[in-house]
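Analysis of the macromolecular model
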Amino acid sequence: MANTGSTDAHSPLDGFDEWESDVLKRYPDEGTTHKARDQFRNYAEPPRETVREFYRLNHTLQTFDFVLAKKREFLSLDKKRMSAWEAAEFLNTLVDESDPDTDLSQLQHLLQTSEAIRSDGHPDWFVLAGFLHDLGKVLSLFGEPQWAVVGDTFPVGCRFSERIVYPEFFKHNPDSREPRYQTPTGVYDEGCGLDAVHLSWGHDEYIYHVVREYLPEEALYMLRYHSFYAAHREGAYAHLMNEHDREMFRWVRRFNPYDLYSKSPVPPDVEALRPYYEDLIAKYLPAKLRF
Ligand SMILES: [Fe+2]
Ligand SMILES: [Fe+2]
């Protein structure tokens, strides 16, 4: 069985939860009470060295050429055919060895995210985006290392922003010695729009391509840019965005709190929720998606 928990040299994290816990520590929800916050942050302090090592690998190895190679490899979408629900169950076969107090499965995280969106009365495509947003992590089950599946995303082909987490590790990235990539715009044009910009490869870009024909653009932005914290939380890379990106990023920012702050130790009732989600999936998506 595929296992995100095995800590080999290329998989330092005890599962994806450890990266997500680190993001939550960086962006605690100031709107919640301490008590509520403690509830969803009730995990042992993650061993910082594993998170640092994860980012060292991610920032060292995500080069412009690597991203293009992964797009050639995966965006032909010829690896597997699954319904969205089957993909969520497939993703659930990942073994996560994080703290048992918050050890929600991948499927439970998707459902907590989408149910929080639903209970706030948002449109059903927003709910569906919540359910789909991490399905791209099936890359891990296709044998991809953690640093090429999760982690904050960032543009390649231009200067790395100091507002990306652990920016010091970019000195190990060969692209930092490529003259074409050392200006703020690099190989891109000012204001060209993010669709023309290659971001570091991972689960966001992958799921965007899997469902891009089927969902409203607002939902697609949520999927494609939900890990682009340097932009949606730190305001970096505005010079690469166009007016349309700025408009659409309002939706990325609306989505982000549901991803980060919907974690609760009470697991959702998967079987009770399943009929609603099967109907929602059938409304927007084909019976089988191409991964
Ligand atoms: Fe994600
Ligand atoms: Fe998530």
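Keep in mind it's a predicted model, so treat the numbers as computed, not measured. (Residues numbered from 1 in each chain as written. Chains lettered and ligands numbered in written order. Predicted model: local features only at pLDDT ≥ 70, side-chain atom pairs only at ≥ 80, totals over all residues.)

Section: the overall build of the protein
If you tally the helices and strands in the protein, you get 12 helices and two strands. Listing every helix and strand of the protein by position from the N terminus yields α-α-α-α-β-α-α-α-α-α-α-α-α-β. Counted over contacts in the protein with a minimum sequence separation of 6, partners at least 24 positions apart contribute 80%. (Helix = DSSP H or I, 4+ residues; strand = E, 2+ residues; numbered from the N terminus. Contact = placed C-beta atoms within 7 Å.)

Concerning the packing of helix α8 (residues 203–211) against helix α9 (residues 217–225)
Axis separation between α8 and α9 bottoms out at 6 Å; the angle between their running directions is 150°. Judged on the interaxial angle alone, α9 and α8 are roughly antiparallel. In this structure, α8 uses Asp204, Glu205, Ile207, Tyr208 and Val211 to contact α9, whose residues at the interface are Leu220, Leu223, Arg224 and Tyr225. Its residues assigned to classes, the contact of α8 with α9 shows six nonpolar, no polar and three charged. (Axes fitted to C-alpha atoms, helices over the stretch in contact; angles between N-to-C directions. Parallel < 35°, antiparallel > 145°, perpendicular 65-115°, else oblique. Nonpolar A, V, L, I, M, F, W, Y, C, P; charged D, E, K, R; others polar.)

Quick look at the nonpolar core
Membership of the largest hydrophobic core comes to 71 residues, with the highest contact counts inside it found for Ala87, Ala129, Leu132 and Leu223. The residues touching alanine 87, leaving out its near neighbours within four places in the chain, are Met82, Leu135, Val138, Leu289 and Phe291. (Core = buried A, V, L, I, M, F, W, Y, C linked by C-beta atoms within 7 Å. Buried ≥ 20, exposed ≤ 12 C-beta atoms within 10 Å, placed from the backbone.)

Quick word on the confidence of the model for the protein
Parts of the model with low pLDDT should not have their predicted coordinates read in detail. Overall, the prediction assigns the protein a mean pLDDT of 90, with 88% of residues at 70 or greater. Contacts from residues 39–43, a stretch scored under 50 in pLDDT, to residues over four places away or in other chains number 14 contacts. (pLDDT = per-residue confidence, 0-100.)

Regarding helix α6 (residues 106–119)
An ideal rise of 1.5 Å per residue puts 20 Å on 14 residues; α6 measures up with 20 Å between its terminal C-alpha atoms. Where burial is concerned, most of α6 is hidden: 11 out of the 14 residues are buried. Of all the positions in α6, only Gln106, Leu107, His109, Leu110, Leu111, Gln112, Thr113, Ser114, Glu115, Ile117 and Arg118 are classed as buried. Residues of α6 that are buried sit in contact with α5 (84–91), α7 (124–132), α11 (243–261) and α12 (270–284). One or two steps after α6, the chain reaches glycine 121, where phi turns positive at roughly 80°. (Expected span 1.5 Å × (residues − 1).)

Some thoughts on the environment of histidine 239
Looking at the element boundaries, histidine 239 is found in the loop between α10 (229–232) and α11. When the C-alpha positions of histidine 239 and threonine 185 are compared, they lie 7.6 Å apart, and in sequence the two are 54 residues distant. Other than its neighbours up to four places away in sequence, histidine 239 contacts Pro184, Thr185, Glu190 and Gly191.

Notes on helix α3 (residues 48–61)
Helix length check: α3, at 14 residues, gives a terminal C-alpha distance of 20 Å against a target of 20 Å (1.5 Å per residue), a fit within 8%. Along α3, the positions that sit buried rather than exposed are Val51, Phe54, Tyr55, Leu57, Asn58 and His59. Summarising the contacts, the buried residues of α3 are in contact with α1 (16–26).

Digging into the environment of phenylalanine 126
Here phenylalanine 126 shows up in helix α7. C-alpha of phenylalanine 126 to C-alpha of phenylalanine 255: the two residues are 129 residues apart in sequence and 8.2 Å apart in space. Beyond its immediate chain neighbours, meaning those up to four positions away, phenylalanine 126 contacts Ile117 and Ala219.

Brief notes about the packing of α9 against α11
Where α9 meets α11, the closest approach of the two axes is 8 Å, and the angle between their N-to-C directions is 60°. Here α9 lies oblique to α11, going by the angle between them. In the packing of α9 onto α11, the handedness of the crossing is right-handed. Along its contact with α9, which presents Glu217, Glu218, Tyr221, Met222 and Tyr225, the element α11 presents Met248, Phe249, Trp251, Val252 and Phe255. Across the contact of α9 with α11, the residue classes tally to eight nonpolar, no polar and two charged. (Left-handed = near helix turned anticlockwise from the far one by under 90°.)

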